[in-house]
Amino acid sequence: MRDLIPLLLAVVVLSSGCDPDGYSCNSEGCYADNDNPQYQTLEDCNSICEEQIPGGCGSLVLYDYYLYSTVQIGDQCWFAENCRYLPEVSPSSEESTKAPYYYVYDYQGTDVAAAKSTENYETYGVLYNWPAVMTDDICPSGWHIPSDGEWQTMEMELGMSEADASSYGARGSPVGDYMKSTYGWNDGGNGSNTSGFTGLPGGVRYWAGFTFEGIYSYWWTSSASPGAEAWIRILINNGSDVG
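Fair warning: this is a prediction, and the values are worked out from it, not measured in the lab.

Quick notes on the rules
Residues numbered from 1 in each chain as written. Predicted model: local features only at pLDDT ≥ 70, side-chain atom pairs only at ≥ 80, totals over all residues. Heavy atoms only, no water. Disulfide = S-S within 2.5 Å. Helix = DSSP H or I, 4+ residues; strand = E, 2+ residues; numbered from the N terminus. Buried < 20%, exposed > 50% of the residue type's maximum accessible area, 1.4 Å probe, protein only. Salt bridge = Lys/Arg side-chain N within 4 Å of Asp/Glu carboxyl O. Core = buried A, V, L, I, M, F, W, Y, C linked by side-chain atoms within 4.5 Å. Contact = heavy atoms within 4.5 Å. Patch = residues over 30% accessible without salt bridge, like charges linked within 9 Å, V, L, I, M, F, W, Y side chains within 5 Å. Areas by Shrake-Rupley, 256 points an atom, 1.4 Å probe, with all protein chains shown as cover. Lys, Arg positive; Asp, Glu negative; His and termini not counted. Charge placed at Lys NZ, Arg CZ, Asp CG, Glu CD. Arc of directions from axis to C-beta.

A few points about the state of the cysteines
Going through the model one piece at a time under the given rule, you end up with one disulfide. The partner cysteine of Cys 57 in its disulfide is Cys 77, sulfur to sulfur 2.0 Å. Around the S-S axis, the bridge from Cys 57 to Cys 77 shows a dihedral of about 90 degrees and counts as right-handed. You can see Cys 57 sitting in the loop between α1 (42-52) and β5 (61-63) and its partner Cys 77 sitting in strand β8 (residues 76-79), a full 20 residues away along the chain. There is no split in this pair, since Cys 57 and Cys 77 are both buried.

This is the structure:
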């Protein structure tokens, strides 16, 4: 759902696109941007876009020795899996609201190599606190943590009304079904994943430890908000809405 909860959450990232002074690119390549009065050569645009998404959106993107799947949803290009950036790792008992903290579901040590060897890291990636989300190195060049508005754009592309997308709490059914993976959710809660987003139920870390694997998936947005650290998104096993 569109909500405000200060938890430790997963992250997906969104392409920043290619807009070099009058040219932009999408999965089909470069095109003139008529909203920008400046311009560069088409050759420059092609060079930049090929660096960001070789082969266009839907191709694999290499970052920090891992190849990420990508998916085109409307005019946006999303990672189709959670971030795995893990410069350090902490047990669930350690936390901070000021310094970056990184966790792997159910891992209670501090050895990065050991954390990366776990099945949960392979399946769900990394759980981050808000300061970790805002570090520069969490995304590859040309990508960024999507804002609340960019999440809304994706949700509306999948059929959610503008009124629902800008509202609070669980909303927009059956868009959640389109975003959930076809496997991994408890109690028959798998989705259709018609969007290709492949949302997995990776759970969350909060003050008492790790919980909700198989039941919930949580993602940060980059949009700070009054009363909590940031807007988030939630999918749940027994629903087809988006929180």
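Considerations on the pattern of salt bridges
Where side chains of opposite charge bring their charged atoms close, a pairing between them can arise. This structure, assessed with the given rule, holds five salt bridges. A salt bridge links Glu 95 to Arg 205, with the shortest nitrogen-to-oxygen separation between them at 3.0 Å. Pair noted here: Glu 95 is in the loop between β8 and β9 (102-103) and Arg 205 is in strand β12 (residues 202-206), with a separation of 110 residues, a long-range link. Taking the shortest distance from any N to any O, the salt bridge between Glu 155 and Arg 171 comes out at 2.7 Å.

A few points about the nonpolar core
Counting 32 residues, the largest nonpolar core has Val 11, Val 13, Leu 86, Tyr 128 and Trp 220 as the members making the most contacts within it. Taken together, the elements giving at least two residues each to this core come down to β5, β8, α4 (130-133), β14 (216-225) and β15 (228-236). What Val 11 contacts, discounting residues up to four positions off in sequence, is Glu 81, Asn 82, Cys 83, Tyr 128, Val 133, Ile 138, Ile 145, Trp 219 and Trp 220. Formed by 24 residues, the second largest nonpolar core is a distinct cluster that contains Leu 14, Trp 78, Tyr 101 and Met 160.

Some details on the side chain of Ser 217
Topologically, Ser 217 is positioned in strand β14. What makes Ser 217 buried here is its relative accessible area of 2%. Setting aside anything within four residues of it in sequence, one finds Ser 217 in contact with Trp 185, Leu 200, Pro 201, Gly 202, Arg 233, Ile 234 and Leu 235.

A closer look at a negative patch on the surface
A contiguous patch of negative charge, built from Asp 106, Glu 119, Glu 122 and Glu 213, is present on the exposed surface. Note that Glu 119 resides in helix α3 (residues 119-124).

Describing helix α5 (residues 148-157)
Structural remark: α-helix, 3.6 residues per turn; residues separated by three or four positions point the same way. Every buried residue of α5 is accounted for by Asp 148, Trp 151, Gln 152, Met 154 and Glu 155. The arc that holds the buried residues of α5, viewed along the axis, is 160 degrees, so those residues lie on one side. Residue Gly 159 follows α5 closely and has a positive phi angle near 115 degrees.

Shape descriptors only; they carry no functional weight alone.
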